[in-house]
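# Working through the structure, step by step
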Amino acid sequence: MSDSTYGLGRTELHDLYHALCLTRAAEERLELLQKQGHVTGGLYRSLGQEAGAVGAAYALRRRNDGSGDMLCHTIRAAGALFLFGGELIDFFRQYMAKGTSPTRGREANVHWFDFEKGFVGPVSPLGTMIEIMAGMTLSFRLKDEERIGIVFYGDGASSTGAWHEGLNFAAVQRCPMILMVENNQWAFSTPTSKNTRVSSFTDKGPGYGIGAESVDGTDVLAVFDAVRRAAALVRSGEGTRMVELKYFRRKGHAQHDPQDYVDPEVIRMREKKDPVDLYRARLLDNDWASEEELVAIEHETFEVCRVAAEAAIAEPYPDGLDAVTDVYTDLTTPHPWTRGDSPDPTLA
Amino acid sequence: MDRETPEHLLKTKRGEPVTMLEAISEALFEEMTRDDSVFLMGEDIGVYGGAFKVTRDFLAHFGENRVIDTPIAEGGFTGAAAGAAHMGLRPVVEIQFMDFISPAYDVITNYIATSNYRGAGPMPLVIRGPVGGGNRGGPFHSQNVEMAFFHTPGLKIVYPSTAKDAKGLLKASIRDDNPVIFEEHKGLYRAPALREVLPDEDYIVPLGQARTVREGTDLTIVTYGAMVHKSVDAAETLESEDGVSVEIIDLRTLLPLDEDAIVQSVKKTNKLLVVHEDTRTGGIAGEIAIRVSEKAFEWLDGPILRVTAIDAPVPYSGSLEDYFLPQTDDVVKAARYLAAY
């Protein structure tokens, strides 16, 4: 196979490998942190899906001043979050519910925001984020900005009413956004066949009058190419588009899910389609990177995760009193009188 | 915009009285003129000017980027409004009838209300629309929706009873950095008795402040919306027929609740009647009663009572709807009972 680099130079090809390794190393570090008792909430792996988030995010305009493209990632798209400037230590702080986390411990895992860097944390019913991104990108069109948005969600979210309402609104309003459906074939324990009758989510595109394309989500360069082309069309005024990432969720919905509803043989087969291994082999086969360069990236990403996680471990949890702040921008939420000094509710 | 203001939006300028609906239109128009980041979305608000004509002629004046006719998808456009608010705009969405807000319940309660707390920053967004019964609208065009949202921290809920308040409260809502649900009683929209001359100046009515409609000494009625007017009618009857002096508090904002105003009045009159058009169980009377119990139990000289709609869907037929809704006579009877207690 004579592989195309899709116009990417050696440094950029290495960037992609770095982002893939970073995603995997960060999630493997999380597993360790969970075993150590530092992660108390759910833990969700993207094993086998890393190339979808990385390839897509790399195709977009990433800025630090609020002028770039806007990302809405998911729990299984941490690679995109990192490429958009989400700090590794913040990722660990969020999972560990630290008071130093971007949400000061109010929210978990990848649910955080940075409008300057250009990412918006999801709400857990993911279909709703189609509506939110429709409005963000509507504002780009209204303000005549050359920005676009990309919103990740799963095959399961495609069944919600919010998905439909958000997409239909975006299509009608020609909102410059790309819907990235992460078709990993499972919505928790529900197979895609129980979420939809269509064999490919791209079949849904024409129903909304938008263009859609399906791509092998384990091939980071194919994803990059598909999203770059989609982004060019969206940016040029075509309006909303959809890209389907096809791959397979090789872990359970979360660590607490033993995945016993999936034939273990299928999972073993899918290990051969590991996006990191595939891309690594390709880099070597095409002489885009040397073994030494790749090992250096692997060591470096392992090490930055270790250092960031250890730093985050040492940081404090939030003071419980902080639970009452910021419910509103301008109002104070009272503390319960039983938590204060007043012996009498009439005086509190 | 150098286009001229449509004639029908110049009544206050000319010193003429306006209806509550006209006051709301003026508020929207003036805020859109004052601040380019304010824009409107909703069903049939552009070409048609809104089901109740609140935004008549707005499309021609402001253009289709600021007056957006949406698909019939309250969740979709309310969610989109939230996204636009993230990006620095100040959307005002119209729910054609507030009964139809339910598809947006997910995005309002899970996403919009929690935004600031989750670190996503301010959410300057107003969701407004007509509510209330008495218009033979049946189960799907007559509901009050405040209590579906009252339990959600992060939201503000506003429910005006007069033209002057409607304008000032809507302006304050649009300028607020928090999401506001703004309920407009359709029975008050064009009520001739509510026509009044408004101040020809840029004024707001601050959110969270109740208004004493009428001072009294024997008992307090806490109410809001259309029931303010029925309560005033009842108070006049009680005054003339029974010599009972009734104080009336119009909440104006339901969330945050002006607890001080309620408690102060109860401490003065020692008796409390809550009147609301919304249905009984889980209505705001329950919350008000517990707050008074916490803060003014020793001052009470009688039970806290309530007059509300009955616990049923809003029926269509006039005889049924009139029975369903709280009427002035109900308020008179309850207040009479309480005064004599």
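## Structural notes on the interface of chain A and chain B
Each partner contributes residues to the interface: chain A has 43 residues there, and chain B has 43 residues. There are one salt bridge connecting chain A and chain B. The salt bridge involving Asp330(A) is made with Lys156(B); its shortest N-O contact spans 2.9 Å. Contributing elements (two or more residues each) for the side of chain A that touches chain B: helix H5 (128-142) and helix H6 (161-172) of chain A. Partitioning the side of chain A that touches chain B into residue classes produces 22 nonpolar, 11 polar and 10 charged.

## Some words on the environment of Val54(B)
All names here are of chain B. Mapped onto the secondary structure, Val 54 falls in the loop between strand E1 (38-42) and helix H2 (58-62). Note: C-alpha distance between Val 54 and Gly 134 (80 residues apart in sequence) is 20 Å. Apart from residues lying up to four places away in sequence, Val 54 is in contact with Leu 21, Ile 24, Ser 25, Leu 28, Gly 49, Glu 94, Arg 128 and Tyr 189.

## Regarding the packing of helix H3 (residues 74-86) of chain B against helix H4 (residues 105-112) of chain B
Residue and element names in this part refer to chain B. At a minimum axis distance of 8 Å, the contact between H3 and H4 shows a crossing angle of 30°. In terms of axis orientation, H3 runs roughly parallel to H4. Taken together, the residues of H4 that come into contact with H3 (itself represented by Gly 75, Thr 78, Gly 79, Ala 82 and His 86) are Val 107, Ile 108, Tyr 111 and Ile 112. Considered class by class, the residues forming the contact of H3 with H4 number five nonpolar, four polar and no charged.

## Considerations on the domain arrangement of chain B
Residue and element names in this part refer to chain B. Split into domains, chain B comes out as domain 1 (7-194) and domain 2 (211-340). A C-alpha centroid distance of 27 Å is found between domain 1 and domain 2. Listed per partner, the contact involves 28 residues of domain 1 and 26 residues of domain 2. Here domain 1 and domain 2 share an interface that buries about 2,200 Å² over both sides, 58% of which is from carbon and sulfur atoms. The interface formed by domain 1 and domain 2 holds four salt bridges in total. Notably, a salt bridge pairs Arg 136 with Glu 321, separated by 2.9 Å at the nearest N-O pair. The interface formed by domain 1 and domain 2 holds 14 residue pairs in polar contact (both at pLDDT 80 or more) in total. The set of elements that each furnish at least two residues to the side of domain 1 that touches domain 2 consists of helix H5 (146-150), strand E5 (156-158) and helix H6 (163-175). Residue classes in the side of domain 1 that touches domain 2 are distributed as 12 nonpolar, 12 polar and four charged.

What counts as what
Residues numbered from 1 in each chain as written. Chains lettered and ligands numbered in written order. Predicted model: local features only at pLDDT ≥ 70, side-chain atom pairs only at ≥ 80, totals over all residues. Heavy atoms only, no water. Contact = heavy atoms within 4.5 Å. Salt bridge = Lys/Arg side-chain N within 4 Å of Asp/Glu carboxyl O. Helix = DSSP H or I, 4+ residues; strand = E, 2+ residues; numbered from the N terminus. Nonpolar A, V, L, I, M, F, W, Y, C, P; charged D, E, K, R; others polar. Axes fitted to C-alpha atoms, helices over the stretch in contact; angles between N-to-C directions. Parallel < 35°, antiparallel > 145°, perpendicular 65-115°, else oblique. Domains from an automatic or database assignment. Buried area = accessible area lost by both parts, 1.4 Å probe. Polar contact = N/O pair within 3.5 Å; in protein donor to acceptor, adjacent residues only side chain to side chain.

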